[in-house]
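Here are the chains, one letter per residue:
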Amino acid sequence: MTTKLERFTLMAREQPRTRFTSLMGLLFDPEGLRESFGRQDGRKAPGVDGIRKDDYGQGVEARLTDLSERIRRLGYQPMPVRRTYIPKGDGRHRPLGVPSFEDRLVQDRLSQILQAIWEPEFCDCSYGFRPERGACDALRRIAEVSTNGRTQWVVEADIKGFFEHLSHAHLMRFLEHRIADPNVLRIVRRFLKAGIMEDGTFTASDEGAPQGGLVSPGP
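The present account deals with the structure reproduced in this document. (Residues numbered from 1 in each chain as written. Predicted model: local features only at pLDDT ≥ 70, side-chain atom pairs only at ≥ 80, totals over all residues. Heavy atoms only, no water.)

### Some remarks on the pattern of salt bridges
Taken as a whole, this structure holds 14 salt bridges when the rule is applied. Across the salt bridge formed by D108 and R39, the nearest N and O atoms sit 2.5 Å from each other. Remark: R39 occurs in helix 3 (residues 30-39) and D108 occurs in helix 6 (residues 101-118); sequence separation between them is 69 residues. Overall, the relative accessible area of 39% leaves R39 in the partly exposed class. Notably, a salt bridge pairs R73 with E69, separated by 3.9 Å at the nearest N-O pair. Three or more residues joined by partner-sharing salt bridges are found here, namely K4, D29 and R109. (Salt bridge = Lys/Arg side-chain N within 4 Å of Asp/Glu carboxyl O. Helix = DSSP H or I, 4+ residues; strand = E, 2+ residues; numbered from the N terminus. Buried < 20%, exposed > 50% of the residue type's maximum accessible area, 1.4 Å probe, protein only.)

This is the structure in structure tokens:
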């Protein structure tokens, strides 16, 4: 983690009710984007750009410098996600949105910033889509509580089609509780409105957030 982001994370923890007004510098920080590049898995399927990590790695410093500059002057525009499907256990299929490689970098950096702001607000009993936590940790905790706490009931609930029907307006209002940087909010809105490409057909995004991106929880 870059020193800039470390300082910001500490400040976010110490000021839990602060609205942050200057986040763009963290988003287009070249060192931070370089770290995001290093975190990418070269085996991931490409998005609509067809570019994988090895491809982007050719002349990566020049590419990252250009990307940083485009984000800084708001010339960066996310590409549509490539729609693909993975099978679910009940015979149905879950839709995934595969971002372009460059969008992965920006999403990764944006995710780091959002985690720094909101991670301290989560309860310790929360395990979903949090760093260094996962479903296995939640299952171990359930086993511990049910064994030692003599708990007899486990309740499972799911919101049908949550990601497909997520309100963009509601999500943006939620982000505005802690983020007062209009340019960062504009980048988030561009990701939400980037659209979907499936079988050569573009579909606009009026609601929902594609699963599969680094800034949106995956399956």
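Still more to cover.
### Observations concerning helix 5 (residues 60-72)
Under the 1.5 Å per step criterion, the end-to-end length of helix 5 is 18 Å for 13 residues, consistent within 8% with the ideal 18 Å. Those residues of helix 5 that fall on the buried side of the exposure criterion are V60, L64, L67, S68, R70 and I71. Buried residues of helix 5, viewed axially, fall in a sector of 165 degrees; they line one side. Facing away from the buried side of helix 5 by more than 90 degrees, the exposed set consists of A62 and T65. Considering only its buried residues, helix 5 is in contact with helix 2 (24-27), helix 3, helix 4 (53-56) and helix 6. Just beyond helix 5, the residue with positive phi is L74, at close to 60 degrees. (Expected span 1.5 Å × (residues − 1). Arc of directions from axis to C-beta. Contact = heavy atoms within 4.5 Å.)

### Focus: the environment of R189
Structurally, R189 can be placed in helix 9 (residues 182-192). Taking the C-alpha atoms as reference points, R189 and D137, separated by 52 residues in sequence, lie 33 Å from one another. Those residues in contact with R189 that lie beyond four places of it in its chain are M172 and E176.

### Thoughts on the side chain of D181
Its place among the elements puts D181 in the loop between helix 8 (168-175) and helix 9. The buried charged residue D181 lacks any salt bridge, with R186 as its nearest oppositely charged partner at 8.6 Å. Among the polar contacts made by the side chain of D181, one reaches the main-chain amide nitrogen of L23 at a distance of 2.8 Å. Once residues within four sequence positions are removed from consideration, D181 is found in contact with F20, T21, S22, L23 and M24. (Lys, Arg positive; Asp, Glu negative; His and termini not counted. Polar contact = N/O pair within 3.5 Å; in protein donor to acceptor, adjacent residues only side chain to side chain.)

### Topic: the environment of Q58
By the secondary structure assignment, Q58 is in the loop between helix 4 and helix 5. When the C-alpha atoms of Q58 and S22 are compared, they prove to be 32 Å apart, with 36 residues separating the residues in sequence.

### Overview of the packing of helix 3 against helix 5
Each pair of packed helices can be described by the angle between their axes along with the distance between the axes. Close contact between helix 3 and helix 5 brings their axes to 10 Å; oriented N to C, the two are set at 125 degrees. By the criterion of interaxial angle, the relationship of helix 3 to helix 5 is oblique. Of the two possible hands of crossing, helix 3 and helix 5 adopt the one that is right-handed. Along its contact with helix 3, which presents P30, L33, R34 and F37, the element helix 5 presents V60, E61, L64, L67, S68 and I71. Here the contact of helix 3 with helix 5 is composed, by residue class, of 7 nonpolar, 1 polar and 2 charged. (Axes fitted to C-alpha atoms, helices over the stretch in contact; angles between N-to-C directions. Parallel < 35°, antiparallel > 145°, perpendicular 65-115°, else oblique. Left-handed = near helix turned anticlockwise from the far one by under 90°. Nonpolar A, V, L, I, M, F, W, Y, C, P; charged D, E, K, R; others polar.)

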